[in-house]
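So the chains spell out like this:
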Amino acid sequence: MKGHSHPTNDVSLNPSGNRSIRDVIDAVSTSRRQFVKGGVGAAALATAGGLTLGGLVSTVQAAPVPPGPGFPGIGFDSIPASTDIDPGTGSKLADMVKVPAGYTAQLFVAWGDPIMPGGAPFIGDASETAADQMKQYGMHNDGMHFFPLLGTGGKPGSTRGLLCVNHEYTHEDILFTDGQVGGGYTIAKTRKSQAAHGLSVLEVRKAGGRWMVTKTSPFGRRITANTPMKISGPAAGHALMMTREFVITDLASTPTGGTTDGRKAHGTINNCANGYTPWGTYLTCEENFNGNFGGSGLVDTSTTTEIGKLNRRYGLSAGGFGYRWHTTDPRFDLTTNPNEAHHFGWVVEVDPYDPKSTPVKRTALGRFKHESAQYVVDKDGRLGVYMGDDERNEYIYKFVATKPCSPTNRAANRNLLDEGTLYVARFDADLTGVWLPLTPGAIGKDGVALRDNPNFSGANDAEVLAKILIKARMAGDAVGATMMDRPEWTGARPRILGFDEVEVYCTLTNNNRRGTLPASVMAADGSTAAGSARPPVDAANPREDNVYGHIIRWRETGKSVTATTFAWDLFVQAGDAATAKPAKPTNDYQGNIVDAPNGSADYGAPDGLWFDPFGRLWVQTDQVGDGSGDWVNIGSNVMVCADPNTGETRRFMTSPNKCEVTGVAMTPDGRTMWVGIQHPGEDSASANPTQFSNWPQGQFAVESDGLTVLPPGRPRSSVVVITKNDGGVIGT
Ligand code: FEO
Ligand code: CA
Ligand code: CA
């Protein structure tokens, strides 16, 4: 994600001064990948690197990646990187999705497709109104999950279900026929932009061998920036959650003169990655919410007021990311409605099986720029939810529910995510770590309990906890969490095939401030502006100028989500084995991706990360995606499949020009996979929408239903559906 209305999260807003552990880098550098002792030694890695140099094309049929504990093997060969630059444009990569031999990818659903009764087909020139968009698939899809509808014998079906898909942000120059500012900026544009955010619930089915959206399904639903929501959990009802009350119509957001009770909200935005629960609800995660706010006048960013400190720490400003919502919708005007920002940055629970259900913002999981929310169920039924905060130098969190979930009584789990303990991670140099509780009695680095810290002080511990959750970043600063290289998705390894650890992975996509000068770290008092710190390297984030990113993983002590300690290592440091960049003592742009003998599977900027139920690890990337600069050998963004035991990795998908591969879902039988392509042709101007990409219509004439013809006109974020030609499980 980047672009006109969606800059990268390279802007750090974190001022805490939290400790770094650089002094032990040398001590740990040879043992960082400790979970697989003897699996891949330095000599083997060197050999792998040598074989991959210039070896971007797989020329021989490679052996399958063999199975191992908890892992069923990989059966396909890596496909080549997509690096061919179009001589006509000088920048355009092959503008298509490619998958391995024996697999087929088809276009499944694209921005603007109708998904519910009354929905109109996509026109092609984006002349739809906000009302049209309300019944159409939104823009810039991200995380997703498939919820089966019951099949034969009452078992979860793999031919019919509900696909929930996030819509992270909008490219305003593509969303409107005349661009964001052509023809003036109006409330009608704000409402359409708001309608293109949020998420879609699609009923999907396979019939006659074709996957399709049931376009008139009663399950079809759009949840947008204006959908009524509940706020629940410890922060509900707090004064910081009380906002100006508005009557929201197509034409205006009109203040009533009243104030909300802090228990209801409107809308969800910047829905990046996702989670889901064992009881069949979807978790949509609010990431860069700050960018959609603006100010008609002064926006408080002082270092002395409560609102000013919050705005600084979460990156709220008068200009935002260039959206203009606040100019026509005063709900998003920080000058007059500063508390509205506190309604965003949460995990929102949605019941896809009940189209009339009200989405719920679960404040117990903390407020930050949520990327994804991966659960693990403990032996006693308690849920742990692992979450990253995607901004430079931000933290990794865990929520542990107080009560066990019921495997048989769905209703009993309804409010399970309202009660529990939020922790933040500290990664120590000895490859162990600590989950630091963010509770009123937790002692900060300064020796002061959070309840006595002026940032969180309140009338009682209930109020203290509400403030801790609303200001979770500042609580992480206070207790000394480890500043990470932009935590993106979390994924939990399934405990199957003899593997029984609680092992969780997190992508750390990049950090262009790590190791820059003058060095600075998060101020313990929570006063560091978001993204502004310049931390030195540490054991868990060992590279300066971390262009290519890495993946960290940890195992909970006692194999329990309730553990307060863990062991960690680095699963991989991504990179380009053939890069011309020099090796530096504290950097290794080449990385250590294990890909021989099957041709290079090098990648960078890992973002999407997901274990399928069979034990295969899938990683998706988010770099510039046009094969320029640091990406000349890596080319387009990719999805790879990896063996969690050995790290062996194969490239499964390459993607269109200037897009991001993000979001993945699978049917329970593993024979159908959906993958998201976000923002193809990013950055194109309104006057020339196909300047960088003409995808998907450049690759596909019709969607997978065989009926929906794609109009020309402009690139569209879309989901592709992937099947194996022999009907087998994806990855075999
Ligand atoms: Fe929206 Fe951090 O990716
Ligand atoms: Ca992401
Ligand atoms: Ca990203």
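Let me sum up the structure you'll find in this document. Quick caveat: nothing in here was measured; it's all calculated off a predicted structure. (Residues numbered from 1 in each chain as written. Chains lettered and ligands numbered in written order. Predicted model: local features only at pLDDT ≥ 70, side-chain atom pairs only at ≥ 80, totals over all residues. Heavy atoms only, no water.)

A closer look at the coordination of the calcium ion (ligand 3)
Thinking step 1. The calcium ion (ligand 3) binds to the protein through Glu488 (OE), Asp607 (OD) and Asp622 (OD); the donor distances cover 2.3 to 2.4 Å.
Thinking step 2. Each donor residue of the calcium ion (ligand 3) lies on the same chain, and together they follow the pattern E-x118-D-x14-D.
Thinking step 3. Between the two metal centres, the calcium ion (ligand 3) and the calcium ion (ligand 2), the spacing is 3.8 Å, with Glu488 acting as a shared donor. Of this pair, Glu488 sits in strand E21 (residues 487-492) while Asp622 sits in the loop between strand E27 (617-621) and strand E28 (638-642), and the two are 134 residues apart along the sequence. Here Glu488 and Asp622 have matching classes, each one buried. (Donors = N, O, S within 2.8 Å, 3.2 Å for Na, K, Ca; no water. Helix = DSSP H or I, 4+ residues; strand = E, 2+ residues; numbered from the N terminus. Buried < 20%, exposed > 50% of the residue type's maximum accessible area, 1.4 Å probe, protein only.)

Here's the deal with the coordination of the calcium ion (ligand 2)
Thinking step 1. Those protein atoms acting as donors to the calcium ion (ligand 2) are Glu371 (OE), Glu488 (OE), Asp607 (OD) and Asp607 (OD), and they sit at 2.3 to 2.7 Å.
Thinking step 2. Here the donor residues for the calcium ion (ligand 2) map to a single chain with the spacing E-x116-E-x118-D.
Thinking step 3. Residue Glu371 is classed as buried on the basis of its relative accessible area, which comes to 0%.
Thinking step 4. Given a relative accessible area of 1%, Glu488 falls into the buried group.

Digging into the pattern of salt bridges
Thinking step 1. Counting across every chain of the model gives 40 salt bridges.
Thinking step 2. Residue Asp77 is joined to Arg650 by a salt bridge in which the shortest nitrogen-to-oxygen separation is 3.8 Å. With a gap of 573 residues between them, Asp77 in the loop between helix H2 (42-52) and strand E2 (103-110) and Arg650 in strand E29 (residues 649-654) connect regions that are remote in the sequence. Grouping residues by exposure puts Asp77 and Arg650 together as buried.
Thinking step 3. A salt bridge links Arg493 to Glu503, with the shortest nitrogen-to-oxygen separation between them at 3.4 Å. With Arg493 in the loop between E21 and strand E22 (503-508) and Glu503 in strand E22, this residue pair connects regions lying 10 residues apart in the sequence. Residues Arg493 and Glu503 agree in their burial class; the two are buried. (Salt bridge = Lys/Arg side-chain N within 4 Å of Asp/Glu carboxyl O.)

A closer look at the sheet that holds strand E32 (residues 718-724)
Thinking step 1. With antiparallel pairing, 4 strands are arranged side by side in an open sheet as E2-E32-E31-E30. On the outer flanks of this sheet lie E2 and strand E30 (660-666), each paired with one strand and no other. Within this sheet the neighbouring strands show an average axis-to-axis angle of 25°, counted without direction. (Pairing = 2+ DSSP bridges. Axes fitted to C-alpha atoms, helices over the stretch in contact; angles between N-to-C directions.)

Things to note about the nonpolar core
Thinking step 1. The biggest cluster of nonpolar side chains holds 106 residues, and the ones touching the most others in it are Met387, Phe652, Met653, Met673 and Ile722.
Thinking step 2. Once residues lying within four places of it in the same chain are set aside, the contact partners of Ile722 are Val99, Tyr103, Thr104, Ala105, Phe652, Met653, Arg671, Thr672, Met673, Val675 and Ile730.
Thinking step 3. Counting residues in hydrophobic clusters, the runner-up holds 24 residues, among them Tyr386, Cys506, Leu508 and Ile552. (Core = buried A, V, L, I, M, F, W, Y, C linked by side-chain atoms within 4.5 Å. Contact = heavy atoms within 4.5 Å.)

Some words on the environment of Ala207
Thinking step 1. The residue Ala207 is located in strand E5 (residues 198-207) in this model.
Thinking step 2. Overall, the relative accessible area of 32% leaves Ala207 in the partly exposed class.
Thinking step 3. Each C-alpha atom of the pair Ala207 and Arg160 lies 9.1 Å from the other, and the pair is 47 residues apart in sequence.

Looking at the side chain of Thr268
Thinking step 1. Looking at where Thr268 falls in the secondary structure, it is placed in the loop between strand E11 (264-266) and strand E12 (271-276).
Thinking step 2. Looking at Thr268, its side chain comes within polar contact range of the side chain of Asn271, at 2.7 Å.
Thinking step 3. Among residues more than four places away in sequence, those in contact with Thr268 are His197, Gly198, Leu199, Ile223, Thr224, Ala225, Met229, Thr284, Glu286, Phe344, Val348 and Lys361. (Polar contact = N/O pair within 3.5 Å; in protein donor to acceptor, adjacent residues only side chain to side chain.)

What about the pairing of E27?
Thinking step 1. Across the 5 residues that make up E27, a large majority, 5, are buried.
Thinking step 2. Burial along E27 is two-sided: Leu617, Val619 and Thr621 and Trp618 and Gln620, pointing in opposite directions, are all buried.
Thinking step 3. The hairpin turn running from strand E26 (residues 606-611) into E27, its antiparallel successor, is 5 residues long, and Gly615 in that turn takes a positive phi close to 105°.
Thinking step 4. Relative to E28, E27 runs antiparallel, the two being bridged by 4 bridges. Bridge pairing links Val619 to Val640 in E28.

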